[in-house]
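If you want the building blocks of each chain, they are given just below.
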Amino acid sequence: MTDEIHETPSTTPNFQTELAAQLADLIPEAIADGKVDVEKLKELLNGDVADSSERFGLFWPGKKRALRAAQEPTTATLKPDFENSKDWDSTQNVFIEGDNLEVLKILQKHYHAKIKLIYIDPPYNTGKDFVYPDNYKEGLDTYLEWTRQVNEEGKKVTTNAETEGRYHSNWLNMMYPRLKLARNLLTDDGVIFVSIGDQELANLQRVMFEVFGEANALPLFTRVTKKSSNNGTTFSPSTDYVVGFARNIARLRPFSVPLTDEQVKSYNRSDERGAYKEIGLFQAALKHGGSRYAITAPDGQRVITPRDLPWRWSEAKLREGLAADQIVFKKTSSSPLLDADTGERAAWNVYTKLHLADREEAGLLPKNYSDELQNNLGTRDLRDLNLPFDFPKPVALVKFLASIVNDPAATVLDLFGGSGTTAQAVMELNVEDGGTRRHILVQLPEPVDEGSDAASKGFRTIADIARTRVVRAGNRIADAATRQLQLEEHSVDLGFRSYKLADTSFSKWRLSSDVEEDALQQHLLSLRDSSTDDATADELLTEILLKQGYSLTEAVSPAEIGGLDVRLVRDRDGDVAVLAYLNEHVKPTLEQLRAFVDESPTRIIVLEDAFQGDDELKTNLAQLCKSKGIELWTA
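Because the structure is predicted, anything quoted here is derived from the model rather than measured.

Observations regarding the overall build of the chain
Of regular secondary structure, the chain possesses 20 helices and 25 strands. Put simply, 75% of the contacts in the chain that link residues at least 6 apart link residues at least 24 apart. For the chain, the computed accessible surface area is about 32100 Å², with 47% contributed by carbon and sulfur atoms.

Following this line, the structure appears as structure tokens:
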């Protein structure tokens, strides 16, 4: 019976349990009485085990607890926020209001290894920054309590001032579990970029070495934030950084940027293949990698490189180039080449053709420095939308990072959504290059300061500002006359589904697993229904789908089947993937359940309490589903 009925998990994946299961499968001899035998594991690994008395790494107070925070499952869910969404039925973009640690856990089931690019702009830890409040025993309770925002004195409860002690530790305790969970979401060829200032640059790099592996580190990108400043005590701070890591550096495609107009103009010659420019086959700066040999010029002179230096091409490649008309000989009195027979200066120089079409296809490697992405651009971006926000990142920065990964269909995740820069960048980039990128933003409902410009304009939280920005930026893109023609040819997704982090809608899942036995029994006795009375069908279905591994952008629609209200989830072909009956107060008849089965969905979901204790009815449905190859799930 249990093989024919699947039960929806009550929590997100338990990573400790899953890791132990993977070890048991890989090294069964290291498991004793259902537990990992660490000493046996050390014995098996032998020389590959590090000396525990002398270890290299980053250590700080609270690190073990921070790791547990990442591993601890949560019963939390996301509730659909239709009122604050745009184009709910058609969009593939998502905005989530809530603590990103809990949200990351919720996203693990479906979005594991599906995110191509993660960009985050976390607090720089200047002493005035907001730092997320983590309670390692029950993160969701902490979040729900924190959303009251202030203490009894009316002050924010979560700034990280240097006077509070453990200044860097508090910041690392916030970042470590989030980075651990974020890594799981990256595709094998995915990449994460993190904006950061001087205060925590070194610590961020070291903690990311640990989480992502030092071999997967990308060169540090330096950004000029402002050209004039007289702040600081020794040097005037005018740069910040983007720290990048690949999920797997061996699978990462090379980054590239398009040629500038000036670079295109340098391709000032043409042949039957189109525009090209000439590049000397000998480059004095090239010391290694090629080979040295004599080349016969049109008049018979044999020319060779000086001082045992190599050509750029091998002799075999040269022969191919000559046959394909890709080699150019030019007479000159200032050739760097030598006559191979006399040792005198040669009368010829040799060039290869570099065609514009080839260079445009490959692109150019981006530089790891920019003075064209300054903070004033971010301020202007928001001023154009009449929105208040301090120190927003420029849209151009995120567009640059999203473009160099060379995936126009990438899913882009921003865990510290801020003012919504990433969403605007993704939409604008899709318009410009015809891409179909999707964005997922997560932002805590951090309150705006009383008396601030944001408060005077009616905004209560940073999340409110971000959602408004996505709407206004999308409207501006749609309304722009010059871009309207592009939109007619290429449909750009300018909407988003809005969700809010909340406790589970199922009463039976709300109790923590570490409560005392008497309290657990009392809780179970107090339960009358599977779900809370105020939970809507859409809220229940969203939670069930997330815990079963579906996305936040499934095509869901209401329907009536057999006289009962149900929810249908359709796949890309329009077929019914899921049929869900979510009313525990109305017990379905067997004939009504037959009608469900006759729809031939891939999966049927029924609330456990909808059977109202009728095991025979549940068994009959299970048999009907089995006969049609349909999965039956309860919740």
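The discussion continues.
Focus on the side chain of Lys105
Here Lys105 is to be found in helix H4 (residues 100-111). Residue classification places Lys105 among the buried residues on the basis of a relative accessible area of 3%. Each residue touching Lys105, except ones within four places of it in the same chain, is listed here: Thr12, Pro13, Ala69, Ala70, Glu72, Thr74 and Leu181.

Re the nonpolar core
Within the largest apolar cluster, 52 residues are counted, with the highest numbers of intra-cluster contacts made by Ile96, Leu179, Leu204 and Met208. Counting residues per element, this core draws most heavily on helix H6 (residues 167-185), which supplies 9 residues. Residues in contact with Leu179, not counting those within four places in the same chain, are Ile120, Ile192, Leu204, Val207, Met208, Val211 and Phe212. Counting 40 residues, the second-largest nonpolar core is a separate cluster that includes Ala577, Phe596, Ile605 and Ala635.

A few points about the sheet that holds strand S15 (residues 338-339)
Taken in spatial order, the 3 strands of this open sheet run S12-S13-S15, and their pairing is antiparallel. Of all strands in the sheet, those bounded by a partner on one side alone are strand S12 (295-296) and S15. Here 2 bridges tie S12 to strand S13 (residues 302-304), and the two strands are oriented antiparallel to one another. Its bridge partner lying in S13, Thr296 is registered against Arg302.

Here's the deal with helix H12 (residues 395-404)
Burial analysis of H12 places 8 of its 10 residues in the buried class, which makes it a mostly covered element. When H12 is considered as a whole, its buried residues turn out to be Val395, Leu397, Val398, Lys399, Phe400, Leu401, Ala402 and Ile404. Of the residues trailing H12, Asn406 is marked for its positive phi of about 55°.

Considerations on the pattern of salt bridges
With the rule as written, the count across this model stands at 33 salt bridges. Residue Asp308 is joined to Arg292 by a salt bridge in which the shortest nitrogen-to-oxygen separation is 3.4 Å. Placement of the pair is Asp308 in the loop between S13 and helix H9 (315-323) and Arg292 in the loop between strand S11 (274-280) and S12, with a sequence separation of 16 residues. Classification of Asp308 as exposed rests on a relative accessible area of 63%. According to the relative accessible area criterion, Arg292 is partly exposed, its value standing at 36%.

Description of the pairing of strand S22 (residues 564-570)
The element S22 is extensively covered by neighbouring structure, given that 5 of its 7 residues are classed as buried. Inspection of the sheet shows strand S21 (residues 555-561) paired to S22 by 7 bridges, in the antiparallel sense. Bridging from a neighbouring strand, Val556 pairs with Val569 of S22. Joining the antiparallel neighbours S21 and S22 is a turn of 2 residues, in which Gly562 adopts a positive phi near 65°. Where S22 meets strand S23 (residues 576-581), 4 bridges bridge the pair, whose relative direction is antiparallel.

A short note on the packing of aromatic side chains
Within this structure, the stated rule accounts for 11 aromatic pairs. Both rings, one in Phe82 and one in Trp88, keep their centres 4.5 Å apart while their planes meet at 55°; by these two values the pair is tilted. Overall, the relative accessible area of 17% leaves Trp88 in the buried class. The ring of Tyr176 is capped by Lys63, whose NZ or CZ atom sits 5.7 Å from the centre of that ring. Over the aromatic face of Tyr276 sits the side chain of Lys353, whose NZ or CZ is 4.9 Å from the ring centroid.

Quick look at the packing of helix H13 (residues 421-433) against helix H15 (residues 462-479)
Taken N-terminus to C-terminus, the directions of H13 and H15 make an angle of 20°; their axes are 9 Å apart at the nearest point. Considered as vectors, H13 and H15 are oriented roughly parallel to each other. The handedness of the crossing between H13 and H15 comes out as right-handed. Across the interface between the two elements, Thr421, Ala423, Gln424, Met427, Glu428 and Val431 from H13 touch Arg469, Val470, Ala473, Gly474, Arg476 and Ile477 from H15. Residue composition of the contact of H13 with H15, grouped by class: 6 nonpolar, 3 polar and 3 charged.

Some points on the side chain of Asn203
Within the secondary structure, Asn203 is located in helix H7 (residues 201-212). Once residues within four sequence positions are removed from consideration, Asn203 is found in contact with Leu58, His168 and Leu172.

As for unusual backbone geometry
Residues other than glycine seldom take positive phi values, yet Asp87 does so here, at roughly 55°. Mapped onto the elements, Asp87 comes out in the loop between strand S4 (77-80) and strand S5 (94-97). A relative accessible area of 41% places Asp87 in the partly exposed class. In this structure, Arg307 takes a positive phi of about 50° despite not being glycine.

A word on the sheet that holds strand S20 (residues 497-502)
Strand order in the open sheet made by the 10 strands is S4-S20-S5-S19-S18-S6-S7-S9-S8-S17, with mixed pairing throughout. At either end of the open sheet lies a strand with only one pairing partner, and these are S4 and strand S17 (369-370). Bridging between S5 and strand S19 (residues 438-443) involves 4 bridges; their strand directions are parallel. Each bridged residue has a counterpart across the sheet, and for Glu97 the counterpart in S19 is Gln443. Lying on the sheet, H13 is in contact with strand S6 (115-120), strand S18 (411-414) and S19; it crosses S19 at an angle near 170°.

Structural notes on the environment of Leu186
In this structure, Leu186 sits in strand S7 (residues 186-196). Given the relative accessible area of 2%, Leu186 is considered buried. Sequence spacing of Leu186 and Ala113 is 73 residues, and the spatial spacing of their C-alpha atoms is 4.7 Å.

Details of the pairing of strand S9 (residues 239-246)
Extensive coverage of S9 is indicated by the burial of 7 of its 8 residues. As judged from the 6 bridges shared by S7 and S9, these two strands associate in the antiparallel manner. For Ile196, the partnering residue across the bridge sits in S9 and is Tyr241. Of the pairings in the sheet, the one linking strand S8 (residues 221-224) to S9 comprises 4 bridges and is antiparallel in character. Following the sheet pairing, Arg223 is matched in S9 by Asp240.

What counts and how
- Residues numbered from 1 in each chain as written.
- Predicted model: local features only at pLDDT ≥ 70, side-chain atom pairs only at ≥ 80, totals over all residues.
- Heavy atoms only, no water.
- Helix = DSSP H or I, 4+ residues; strand = E, 2+ residues; numbered from the N terminus.
- Contact = heavy atoms within 4.5 Å.
- Areas by Shrake-Rupley, 256 points an atom, 1.4 Å probe, with all protein chains shown as cover.
- Buried < 20%, exposed > 50% of the residue type's maximum accessible area, 1.4 Å probe, protein only.
- Core = buried A, V, L, I, M, F, W, Y, C linked by side-chain atoms within 4.5 Å.
- Pairing = 2+ DSSP bridges.
- Salt bridge = Lys/Arg side-chain N within 4 Å of Asp/Glu carboxyl O.
- Phe/Tyr/Trp six-rings, centres within 6.5 Å; stacked < 30°, edge-to-face > 60°.
- Lys NZ or Arg CZ within 6 Å of the ring centre and 35° of its normal.
- Axes fitted to C-alpha atoms, helices over the stretch in contact; angles between N-to-C directions.
- Parallel < 35°, antiparallel > 145°, perpendicular 65-115°, else oblique.
- Left-handed = near helix turned anticlockwise from the far one by under 90°.
- Nonpolar A, V, L, I, M, F, W, Y, C, P; charged D, E, K, R; others polar.

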